[in-house]
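# A structural walkthrough
Chain by chain, the residues:
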Amino acid sequence: MTFQTLDDLDDGQRVLVRLDLNSPVEDGEVQDNRRFERHAETISELVDRGFEVAVMAHQGRPGRDDFVSLSQHADILAEHIDHPVAFVDETYGPQAIHDIAGLESGDVLVLENTRMCDDELPEEDPEVKSQTEFVQTLKDEFDAYVNDAYSAAHRSHASLVGFPLVMDAYAGRVMETEYEANTAIAEKEFDGQVTMVVGGTKATDVIDVMTHLDEKVDDFLLGGIAGELFLRAAGHPVGYDIDDANLYDEQWEKNSEKIESMLEDHRDQISLAVDLAYEDDGSRAEQAVDDIEEKTVSYLDVGSETVMEYSPIIRDSEAVFVKGALGMFEDERFSVGTAGVLEAIAETDCFSVVGGGDTSRAIEMYGMEEEEFGHVSIAGGAYIRALTGAELIGVEVLSR
Ligand SMILES: Nc1ncnc2c1ncn2[C@@H]1O[C@H](COP(=O)(O)OP(=O)(O)O)[C@@H](O)[C@H]1O
Ligand SMILES: O=C(OP(=O)(O)O)[C@H](O)COP(=O)(O)O
């Protein structure tokens, strides 16, 4: 697969750049993370080369607490590139078009969250997305489109797959390096045991990929939301929403058949938590899974016994892939699973990849160094999909 890169683009043009600045949001505040640091390299290069730059990116999903404006992202990006970054609260409306027209050489303008436009979601064919009002309006304002959002390249959304069909399209530096690293990793052959740690909140993404990796991966170590859904399928009274949470039921509806057939056909490859942690009177408490008779609390981490079972499997592995945290590690009380597994990987000389905008943050939060891991990717769902050998739709359209 080959695509044009920034080396193929003449300096000083008007470029529309898609980044992935999707970030954790705590109490309405966007948290700085490695995605800003990495994309800053691409934007700084474009600024230095005198381009007029408009940035598109998404944040969160409609209906979720993390679905917020990109105004804070513009400020964080400005700090990373040490250069002013303007923001407009429209993606392609009249004010956005006015501000784009006013761009001068070296200027950077962040457009509003692409997912606030009706045309961005849902997933549809690139041809359909390329004909949307969103794409058709913006395409004439620029000389070229640059996609740097490798970590979102598994989504067939307008800002990712529509523009390359109707504009001269290039890969940014992050797209280029992540694509090369993850493709090389997907092609690697391992003689020994291959383990995948599966957690996080996006269970649908990981379960879909697990069904394609059962020949490549010997052991799946489960936690997070997917872990609880597997426990539910195994007959435990967990893995459903209580209070007004919206993490389990919808993903169960979508995936229960796949989970049940994975358990039926590959039970010996799947390790489930034997204990779970929850908050009790402000402190961490743990409960053996076999003792749970009814879910009355939110489980926020795997328990210590589970970490003791997972760690030797990691130590015996030749390769370990991590996608998604085993618990809500941002709260130190629920970091035992995620930090425990990452520490076991860091202490072992296995080949390892840690992926995910959120999960990779745990490395620095809990005193580990990136150098202790083979590759730390800012992509989560995209990198595990790449492991299956499947081409990512956002990369495919860039290569046409
Ligand atoms: N049991 C849990 N309950 C709530 N959140 C969880 C739980 N386990 C993991 N998480 C959250 O999952 C997030 C990572 O999810 P996800 O987006 O799937 O992974 P990544 O961003 O690493 O690709 C973390 O921020 C963590 O707080
Ligand atoms: O953060 C992302 O994916 P990841 O959590 O799998 O790394 C991407 O921005 C895609 O976001 P989405 O999973 O809401 O489509």
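Starting afresh in each chain, residues are numbered from 1 along the sequence in its written order. Working convention: letters from A go to chains and numbers from 1 go to ligands, in the order in which they are written. Owing to the predicted nature of the model, reporting of local features is limited to residues with pLDDT of at least 70; listing and counting of side-chain atom pairs is limited to 80 or more, with chain, interface and lining totals taken over all residues. Excluded from the side-chain calculation are hydrogens and water; included are all heavy atoms of the structure.

## Quick notes on the site of ligand 2
Surrounding ligand 2, one finds 14 residues, the nearest of these being Asp-20, Arg-61, Arg-155, Lys-202 and Gly-381. A 3.5 Å cut-off defines polar contacts: any pair of N or O atoms within that distance qualifies, except that in protein one atom must be a possible hydrogen donor and the other a possible acceptor, and neighbouring residues in sequence count only when both atoms are side-chain atoms. A distance of 2.8 Å separates an oxygen atom of ligand 2 from a polar atom in the side chain of Arg-61. At 2.8 Å from an oxygen atom of ligand 2 is found a side-chain nitrogen or oxygen belonging to Arg-115. Note on areas: these come from Shrake-Rupley sampling with a 1.4 Å probe, and a residue is covered only by the protein chains present in the view. Relative to its unbound accessible area of 390 Å², ligand 2 is 94% covered by the protein chains. Three residue categories are used. Nonpolar comprises Ala, Val, Leu, Ile, Met, Phe, Trp, Tyr, Cys and Pro, charged comprises Asp, Glu, Lys and Arg, and polar comprises the others, including Gly. Of the residues belonging to the shell around ligand 2, the class tally is no nonpolar, seven polar and seven charged. Neighbouring residues are identified by heavy atoms, a residue being near a molecule or strand if any of them is within 4 Å of it.

## Observations concerning the UniProt feature "binding site: substrate" (unreviewed entry) in the chain
UniProt positions are given in the numbering used here, feature names are shortened, and annotations may be inferred rather than shown by experiment. The sites that UniProt annotates as "binding site: substrate" (unreviewed entry) are Asp-20, Leu-21, Asn-22, Arg-35, His-58, Gln-59, Gly-60, Arg-61, Arg-115 and Arg-155. Think of it this way: any DSSP run of H or I at least four residues long counts as a helix, any run of E at least two long counts as a strand, and we number them from the N terminus. Position of Asn-22 among the secondary structure elements: in the loop between β1 (14–18) and β2 (25–26). Assessed through its relative accessible area of 16%, Asn-22 is described here as buried. Not counting residues within four places of it along the chain, the set of residues in contact with Asn-22 comprises Arg-35, His-58, Gln-59, Gly-60 and Lys-202. Its location among the elements puts Gln-59 in the loop between β4 (52–56) and α2 (71–81). Relative accessibility decides the category of a residue: with a 1.4 Å probe and only protein chains considered, values under 20% of the type maximum give buried, values over 50% give exposed, and everything between is partly exposed. Note on Gln-59: relative accessible area 0%, which makes it buried. Polar contacts involving the side chain of Gln-59 include one to the side chain of Asn-22, which spans 3.4 Å. Pairs of residues are marked as contacts when any of their non-hydrogen atoms sit within 4.5 Å.

## Quick look at the environment of Gly-357
Its location among the elements puts Gly-357 in the loop between β16 (351–355) and α13 (361–365). The class for Gly-357 is buried, based on a relative accessible area of 11%. Separated by 175 residues in the primary sequence, Gly-357 and Asn-182 place their C-alpha atoms 15 Å from one another. Once residues within four sequence positions are removed from consideration, Gly-357 is found in contact with Arg-35 and Ile-378.

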